[in-house]
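Commentary on secondary and tertiary structure
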Amino acid sequence: MANKKKHENGYATFEDGKGFREIAEILHDTGETPRKMRHTSIRNYFLRGMEKLAEPIAKQSGRTVREVARDPRFQIAMAEILRSNYHGKSEIDL
Amino acid sequence: MSTDLYYKHVGKFDLLTKQQEYDLAAKAANGCTRSRHLMVEHNLRLALHIARQYSKTKCPMEELIAEANVGLCKAVEKFDHTKGFRFSTYATWWIKQAILRYISRSTTVKFASGARNKIYKINIARKNYYEEFGCYPEDTELAHLLDMDIRELSELRCANQWPINLDQPINSEAGRTYGDLIADDTLPDQSERLDHEQIIQSIKAKLTDLKPLEERVMRLRFGITDDANDTTKFPQSRSNQ
C-alpha cells in the first residue's frame, strides 16, 4: 500500500545528494572512517546532526526535536540554508 | 429653471378647497386635461414638501422634486373623488413611492424596493431611538421593535453601508487616502518575517555544534559540494572555530 504521508514519514531526497550507503563508501574510500560503516550508522549521524539544528524550531513550534529533525520539509529547508550558507548567500526564504 | 425660481413658481398656487378639489377631480376623471393640469399645479407644494423630507439621502434635490412630481401626476390619474378622501391624503403615498423608487435606483448597491423600504424603516427607527434615548439600539432590540428577523435586519444593515471612494483623502485633507489604510495581503507579515530571520540565525549558530563527521554526512546527503571527495567544511561551522 502506498505511503500517503510521505511528508511526515519519508526522507527528503536531493538532486546532487547521496544515499546513506554511498556516503558510507565515500567516507571509507577517503579514509575518513577506518572501516566501512553501516548505512544505518550514517543515517544516525545524519539525524543526530539534524536534531541539533532542529532545536530552535522545536522550541518555537512545540514539537519534539526528534519529530522536527525527521520531517522531510525541515530537511529540505536545512539543505537550502546550508547551501546558501556554503555559496555565501545571505537571504533565505523558509 | 433654478431651484429658487421653482420654489417661487410653486408658491404662486394656492391650496384647493375640498369643493374645488372635488370639482376638478370629477372633470379630470371625465378626461379634462386642463383640470388635471390644475390639480397637479395646485399640489406642487405638497410634492415639494415631501421631497424635502428626503433631502438627507444624498440625492440631488432637483431629482427628488422631479420624481415627486411624477408621483403626483400618477396620483391625479388614479384619484377616485367619489370615495370622499382629500387628494393630498391619497397623493402623499404615490409621491413617497416615486421618491423611494428613485432613491433605490440611484444608489451604488441596488436593492429590491421591498428591501429598500425596510432599510428606510430601520434607519428611521434608529434615528428615533437615538433622539429618545441618546444612543443607538442593538440589532436585537431593533429587530424586536420593528418585528423583524434579527438575521434579516443584520444583513440589511450590513448591505446599507455607504460606499466611499478609496482615493478620497481622509478628513478632506490632502495626504493619506482611505486606500492607504487597507492592508496589503500579498506582502509577508513583518513580525513573521522577523521570526523567520531569528530562526535562521539561531540555526546558523547551531552549525558550530555539529561534529565533523555529522557535518560531512549532512553535506554529502544534501549534495553541497561539487566533488564528493572534497572535505572542506561548512563556512560557518567548524571552519569558524
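Just so it is clear, the model here is predicted, and its values are computed rather than measured.

1. Here's the deal with the overall build of chain B
- What chain B contains, in helices and strands, is 11 helices and 0 strands.
- Walking chain B from its N terminus toward its C terminus, one meets helices and strands in the order α-α-α-α-α-α-α-α-α-α-α.
- Expressed as a percentage of its 241 residues, the buried residues of chain B come to 19%.
- Of all intrachain contacts in chain B linking residues separated by at least 6 positions in sequence, the fraction that spans at least 24 positions is 51%.

2. Digging into the packing of helix 4 (residues 44-53) of chain B against helix 6 (residues 87-106) of chain B
Residue and element names in this part refer to chain B.
- Between helix 4 and helix 6, whose axes approach to 10 Å, the crossing angle comes to 45 degrees. Considering their axes alone, helix 4 and helix 6 lie oblique with respect to each other. Along this stretch, helix 4 crosses helix 6, giving a crossing that reads as right-handed. Contacts between helix 4 and helix 6 pair Leu 46, Ala 47, Ile 50 and Ala 51 from the former with Ser 88, Ala 91, Thr 92, Ile 95, Lys 96 and Ile 99 from the latter.
- Its residues assigned to classes, the contact of helix 4 with helix 6 comprises 7 nonpolar, 2 polar and 1 charged.

3. Description of the confidence of the model for chain A
Residues and elements named next belong to chain A.
- Residues with a pLDDT of 70 or more make up 79% of chain A, whose mean pLDDT is 80.
- Element-level pLDDT for chain A is lowest in helix 1 (residues 6-9), with a mean of 58, against a maximum mean of 92 in helix 2 (residues 20-29).
- Here residues 89-94 is modelled with pLDDT under 50, and outside its nearest four sequence neighbours on either side it reaches 8 contacts, counting other chains as well.

Quick notes on the rules
- Per chain, the residues get numbers from 1 upward, laid out in the order the sequence is written.
- For naming, the first written chain is A and the first written ligand is 1, with later ones following in the order written.
- Where local features are concerned, this predicted model is filtered to residues with pLDDT of at least 70; where side-chain atom pairs are given and counted, the filter is 80 or more; whole-chain, interface and lining totals use all residues.
- Each helix corresponds to a stretch of at least 4 residues labelled H or I by DSSP, and each strand to a stretch of at least 2 residues labelled E; elements are numbered beginning at the N terminus.
- Note on burial: count the other C-beta atoms lying within 10 Å of the residue's C-beta; 20 or more is buried, 12 or fewer is exposed, in between is partly exposed, and C-beta positions come from the backbone.
- We call two residues in contact when their backbone-placed C-beta atoms lie within 7 Å.
- Axes here refer to lines fitted to C-alpha atoms; in helices the fit is confined to the stretch in contact. Angles between the N-to-C directions go from 0 to 180 degrees.
- Angular relationships are summarised with four words: roughly parallel below 35 degrees, roughly antiparallel beyond 145, roughly perpendicular across 65 to 115, and oblique for the angles in between.
- Left-handed describes a crossing in which the near helix is turned anticlockwise from the far one by less than a right angle; the clockwise case is right-handed.
- Residues are grouped as follows: nonpolar covers Ala, Val, Leu, Ile, Met, Phe, Trp, Tyr, Cys and Pro; charged covers Asp, Glu, Lys and Arg; every other residue, Gly included, is treated as polar.
- Each residue carries a pLDDT score, the predictor's confidence in it, ranging from 0 to 100.

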